[in-house]
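Residue strings, one per chain:
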Amino acid sequence: MGDVISAHLDDSRRQFITEKTGKVLAEFCQFYEEQYGVSLFNSVRYEIEGSGGPQAQLLRRKVPLEARTIFSGNLFQYMEENKKWRNRFSVVPHNYGLVLYENKLAYERGLQPRILINSAGYKILTSLEQYLDLVNSNLPGSAPKSGNTSVFKCPTEFPLILWHPYARHYYFCVMTGKEHEKWRAVFQDCVRHCNNGISEDNKVEAPAFTDAVRMYRQSKDQYGTWDMLCGNEAQVLSNLVMEELLPELKNMIGPRLKGKIQERHRVWIQVSDAVYRMVYDQTKAQYDDAVVKCEVEKPGMTSTIRTDMDQIIQSKEHLASKIRATVFSKAEVCVRNHVQPYIPSILEALMIPTSQGFAEVREVFFKEVTDMNMNILNEGGMEKMGEYMENLSQLAFHPVKMQPCYEKMDQLKLEGLQQRFDVSSASVFKQRAQILMRQQMDDTVYTFETLLHQEVGKSPDKDELCKTIQRILERVLKKYDYDSSTVRKKFFREALLQITIPFLLKKLAPTCKGDLSRFQELIFEDFARFILVENTYEEVVLQSVMKDIMMAVKEAAVQRKHNLYRDSIVMHNSDPNLHLLGEETPINWEEEFGKQSDSDPPDEKQRRAKQVVSVIHVDEEALPYEVTSLEGSPGAAELELEGADRSPSPPVQGSPDSVKDLRTMLVKEFCVNAPLEKAEAQLGNGTISQRSEVDPKHREGKEEEATTGETGKHTLKHSAECQGEAQEDTDSMPTSPAQSPSLAADGGSCVGCLESSDKETGEETGVQVVVSPVCETSMESSVENSHGATEGSEGVQTQF
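Thresholds applied
- Residues numbered from 1 in each chain as written.
- Predicted model: local features only at pLDDT ≥ 70, side-chain atom pairs only at ≥ 80, totals over all residues.
- Heavy atoms only, no water.
- Helix = DSSP H or I, 4+ residues; strand = E, 2+ residues; numbered from the N terminus.
- Contact = heavy atoms within 4.5 Å.
- Areas by Shrake-Rupley, 256 points an atom, 1.4 Å probe, with all protein chains shown as cover.
- Salt bridge = Lys/Arg side-chain N within 4 Å of Asp/Glu carboxyl O.
- Buried < 20%, exposed > 50% of the residue type's maximum accessible area, 1.4 Å probe, protein only.
- Core = buried A, V, L, I, M, F, W, Y, C linked by side-chain atoms within 4.5 Å.
- Axes fitted to C-alpha atoms, helices over the stretch in contact; angles between N-to-C directions.
- Parallel < 35°, antiparallel > 145°, perpendicular 65-115°, else oblique.
- Nonpolar A, V, L, I, M, F, W, Y, C, P; charged D, E, K, R; others polar.
- Polar contact = N/O pair within 3.5 Å; in protein donor to acceptor, adjacent residues only side chain to side chain.
- Phe/Tyr/Trp six-rings, centres within 6.5 Å; stacked < 30°, edge-to-face > 60°.
- Lys NZ or Arg CZ within 6 Å of the ring centre and 35° of its normal.
- Pairing = 2+ DSSP bridges.
- Left-handed = near helix turned anticlockwise from the far one by under 90°.
- Arc of directions from axis to C-beta.
- pLDDT = per-residue confidence, 0-100.
- Disulfide = S-S within 2.5 Å.
- Expected span 1.5 Å × (residues − 1).
- Bend = angle between axes of the 7 residues up to and from the residue.

## Observations concerning the overall build of the protein chain
Here comes step 1: Counting its secondary structure elements, the protein chain contains 26 helices and 12 strands.
Here comes step 2: Sequence separation of at least 24 residues holds for 81% of the intrachain contacts in the protein chain that already meet a minimum separation of 6.
Here comes step 3: Entry remark: accessible area of the protein chain is about 36000 Å², with carbon and sulfur atoms responsible for 50%.

## Quick notes on the pattern of salt bridges
Here comes step 1: Per the stated rule, a full pass over the model turns up 29 salt bridges.
Here comes step 2: With its nearest N and O atoms 3.3 Å apart, the salt bridge here joins R529 to E297. Residue R529 is located in the loop between α15 (462-512) and α16 (533-558), and its partner E297 is located in helix α8 (residues 261-307); the two are separated by 232 residues in the primary sequence.
Here comes step 3: In this structure E297 comes out as partly exposed when scored by relative accessible area, which is 31%.
Here comes step 4: Bridged by salt links that share partners, the residues K20, E244 and E248 form one connected network.

## A word on the nonpolar core
Here comes step 1: Among the nonpolar cores identified, the biggest contains 166 residues, and F28, Y32, F172 and F448 are the most heavily contacted of them.
Here comes step 2: The dominant element in this core, judged by the number of residues it contributes, is α15, at 21 residues.
Here comes step 3: Beyond its immediate stretch of four places on either side in the chain, Y32 contacts E205, A208, F209, A212, Y287, A290, V291 and C294.
Here comes step 4: Membership of the second largest hydrophobic core comes to 15 residues, among which are V151, I161, M175 and I269.

## Describing the packing of helix α5 (residues 177-195) against helix α12 (residues 399-407)
Here comes step 1: The interhelical angle for the contact between α5 and α12, taken along N-to-C directions, is 70 degrees, at an axis separation of 9 Å. As summarised for this structure, α5 and α12 are arranged roughly perpendicular, according to the angle between their axes. Residue-level contacts link K182, R184, A185, V186, Q188, D189 and R192 of α5 to P399, V400, Q403, Y406 and E407 of α12.
Here comes step 2: Residues that form the contact of α5 with α12 fall into these classes: five nonpolar, two polar and five charged.

## Thoughts on the side chain of S355
Here comes step 1: Take S355: it is sitting in helix α10 (residues 343-379).
Here comes step 2: Owing to a relative accessible area of 7%, S355 belongs among the buried residues under this scheme.
Here comes step 3: Here the side chain of S355 touches R488 through a polar contact of 3.0 Å, side chain to side chain.
Here comes step 4: Ignoring any residue separated from it by four or fewer positions in sequence, one finds S355 in contact with R488, F492 and H562.

## Here's the deal with the packing of aromatic side chains
Here comes step 1: Applying the stated criterion across every chain, the model contains 25 aromatic pairs.
Here comes step 2: Seen in terms of ring centroids, Y32 and Y36 are 6.0 Å apart; in terms of plane orientation they differ by 50 degrees. Their pairing is tilted. Note that Y32 and Y36 are positioned in helix α2 (residues 11-49) at a spacing of four residues, about one turn of the helix. Here Y32 matches Y36 in class, with each residue buried.
Here comes step 3: Each residue in the set F28, Y32, Y36, F209 and Y287 is aromatic and connected to the rest through ring pairs, giving one cluster.
Here comes step 4: The cationic tip of R192 hangs over the ring face of Y406; the distance from NZ or CZ to the ring centre is 3.9 Å.

## A word on the pairing of strand β3 (residues 98-101)
For a regular strand, the rule is simple: side chains alternate between the two faces of the sheet.
Here comes step 1: Burial of β3 is two-sided: the residues L98 and L100 facing one way and the residues V99 and Y101 facing the other way are all buried.
Here comes step 2: Hairpin connection from strand β2 (residues 84-93) to β3: four residues lie between these consecutive antiparallel strands, with Y96 at a positive phi of about 65 degrees.
Here comes step 3: For β3 and strand β4 (residues 115-117), the ladder comprises three bridges, and the chain directions are antiparallel. Bridge pairing in β4 links L100 to I115.

## Section: unusual backbone geometry
As a rule of thumb, non-glycine residues mostly have phi less than zero, and peptide bonds are mostly trans rather than cis.
Here comes step 1: Phi is positive for Y96, close to 65 degrees, though the residue is something other than glycine.
Here comes step 2: Along the polypeptide, Y96 turns up in the loop between β2 and β3.
Here comes step 3: For Y96, a relative accessible area of 1% corresponds to the buried category.

## Some remarks on the packing of α10 against helix α14 (residues 427-455)
Here comes step 1: Where α10 contacts α14, the axes come no closer than 10 Å and their chain directions differ by 30 degrees. As summarised for this structure, α10 and α14 are arranged roughly parallel, according to the angle between their axes. α14 is crossed by α10, and the crossing has right-handed handedness. Packed against α10, whose contacting residues are T354, G357, F358, V361, V364, F365, V369 and M372, the element α14 presents A433, L436, M437, Q440, M441, T444, V445 and F448 at the interface.
Here comes step 2: Residue composition of the contact of α10 with α14, grouped by class: 12 nonpolar, four polar and no charged.

## Some words on helix α4 (residues 128-138)
Here comes step 1: Taken together, the buried positions of α4 are Y131, L132, V135, N136 and N138. Along the axis of α4, the buried residues cluster in a sector spanning 160 degrees; they form a single face. Of the residues in α4, the exposed ones pointing more than 90 degrees away from the buried face are E129 and D133.
Here comes step 2: On its buried face, α4 is in contact with β5 (123-125), β6 (159-163), β7 (170-173), α7 (233-253) and α8.

## Describing the environment of Q55
Here comes step 1: In this structure, Q55 sits in the loop between α2 and β1 (69-79).
Here comes step 2: By relative accessible area, Q55 is classed as partly exposed at 39%.
Here comes step 3: With 428 residues separating them along the chain, Q55 and D483 place their C-alpha atoms 8.7 Å apart.

## With respect to the pairing of β7
Here comes step 1: Judged by which residues are buried, β7 turns out to be covered on both faces: Y170 and F172 on one side and Y171 and C173 on the other are all buried.
Here comes step 2: Across two bridges, the pairing between β1 and β7 is antiparallel. Each bridged residue has a counterpart across the sheet, and for F76 the counterpart in β7 is C173.
Here comes step 3: Bridge count for β6 against β7 is four bridges, and the pairing is antiparallel. Paired with L160 across the strands is F172, a residue of β7.

## With respect to the environment of R114
Here comes step 1: Of note, R114 is situated in the loop between α3 (104-108) and β4.
Here comes step 2: Once the C-alpha coordinates of R114 and V99 are considered, the two residues, 15 residues apart in sequence, prove to be 7.6 Å apart.

## A short note on the confidence of the model for the protein chain
Here comes step 1: In the predicted model, the protein chain carries a mean pLDDT of 77, and 68% of its residues have values of at least 70.
Here comes step 2: Segment residues 605-609 is flagged for pLDDT under 50; beyond a separation of four residues in sequence, or across chains, it makes 22 contacts in the model.

## Describing the environment of K153
Here comes step 1: Positionally, K153 belongs in the loop between α4 and β6.
Here comes step 2: Judged by its relative accessible area of 28%, K153 falls in the partly exposed class.
Here comes step 3: In the structure, K153 is positioned 70 residues away from K83 in sequence and 9.5 Å away in space, judged by C-alpha atoms.

## Here we look at the state of the cysteines
Two cysteines whose sulfur atoms are joined by a covalent bond form what is called a disulfide.
Here comes step 1: Overall, the coordinates contain zero disulfides when judged by the stated rule.
Here comes step 2: This cysteine, C154, is not joined by any disulfide, and C173 carries the nearest cysteine sulfur, 4.3 Å off.

## Brief notes about helix α9 (residues 309-339)
Here comes step 1: Between its terminal C-alpha atoms α9 stretches only 36 Å, short of the 45 Å expected from 31 residues at 1.5 Å a residue.
Here comes step 2: For α9, the principal kink sits at V327 and spans about 50 degrees.

Here it is in structure tokens:
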């Protein structure tokens, strides 16, 4: 890879990239410094004057739930370095970064991960056709013919591809449709969370940054929404630079790309990723310097603002009146002719999917609490409540359970309006609505937790406890209905402004923007850091359309469309003492109310409760023999990709055709003694449901129970019992689920394949393997070959 990159990125091109990046950032930092003073003034003014908005009825967590893992499990990753598929153990922690380990044992032992992926700006693709379309559209030169062979071939029908317009792409696949749906929901949640990388809690830097990005793009005559405003500040600025830099690079490097279309795809992706990393490093350093410079000046500016607040406000109002006298009449005509007729249709397009999504959030919460109440009534009251409440507290962060809510926003279509109002896509509004849904769900759950925790000690009786839960549920749902109405109306207003204001600014620019410079003399020099002519002009334009937007949303509420409350309905003191109940630390339901057992230690039970999404069991699924043995077989490293995409051939005599057969043979042929106590202590999320060492009779019992159609609570109970029994067996036969066993080609002898990650790290494993004499020779050969197969794997790569 290094030779390819150095061939296309010589010193002269690297110098060009550095100079171009520095030029863009210099212009941006000038906008940022200007907007920083305005944002600081607005923040201090808001702090002094406050706001007259309605008070939220639901509580919000003061301390976020950080001690949790969203998901963990195995999936296959395509390695571009050796064109092979490898089985990886993947973990999604609370920060929604995708972390890939060599196998589960490497994760448990705290070894360095293979790859860390920040998925901001990525798109989740589920078919090779989608991927080819995007790759071909970004390839320099003339667009290739449709139907070209992809960069890789997927051995299953369930690919998952992370595509980025500038950075490296990642290719994964899974074996079953159930796994595919779950991983897709998890990946989408990662992208959604990472895209929202600019914290709204920072009331000065965040608005200053976003306004500076908008002003910079408007200076380049780029109005409207921008899809790549995603990630943290350095990532957004890198996207801003690449948006200008990439067309020039295509013209410089495109003619030099030779070979077949697949090779051109591969080389261009590598070059683009290398440029993106260069830009990111330079961008981060230069932006950090600008932030430090503004922070140094912040105390002095804050003192000036507090001292001269009244004079600054009067000066700004005087400036606004002068601009309004010149601009407002033109803006009103533009609104009346080009915006006002379309506001109802835009609002309707936004309201339908958004309100359906929030209604689904309410339904999911109601169903979860109702099911919990029924389970408590049937299974024993307070002893089970701790476990159920621990799971309920993480409901908002459960990608699979929240997916039906998020999917409602897929109905949002702005076709016909996108070209008129220069909206690149509806993804900006979809993602914003989905983030609000998750926040509302978490607020609802937290309010329910707080109220229940206050009342639970008063009703130890099971029947009384269920009545209390039902009463609190109804109370919380009323609060949710009010808050969701408030949140949706605010979202509709912001979305309408986000669509119409850039359109109006672009329409008015030829006739109005040229006259703005003459208003600069109206601003006192001492206040020039806090009052900008451009910002005041935009506020005047906003006022010209705000009245129509407010009226449209108000009419929708009066007509009771989509369960919106009228503005006159205000629940000021409906629950005056509720906000006094907020806990400084999260409630530990498992510790306070959980029932501990000898077979399930407290720390183990706590770790399992912190895993939000359970790992999928695929033991009963028939897996392709070629893929199952990719990681562990001595000959797996020699498998060619061409053979991976063909349908699996019938298994040879004696070959295992499922994971269950492989694990059963491992139990019969050898056992491993390992000090797992230390590894378990390092495992923070308790992902024990993927253990491969569960006795076959336990697995068969679980399969039989799954087919009886029993409710989910019985399945969970049985699974916990099996895991507890399996824990007792680990001393005699612990194996890593990521280590794929394989057989010799003739199927006559068993090879126990333990792929050693420790040979790459130079650490001692402390694992003693007891092998039957029949398998001893083949076991030694297998370990040596598996070491050779992994030597070519990539090292740790940190993706921003």
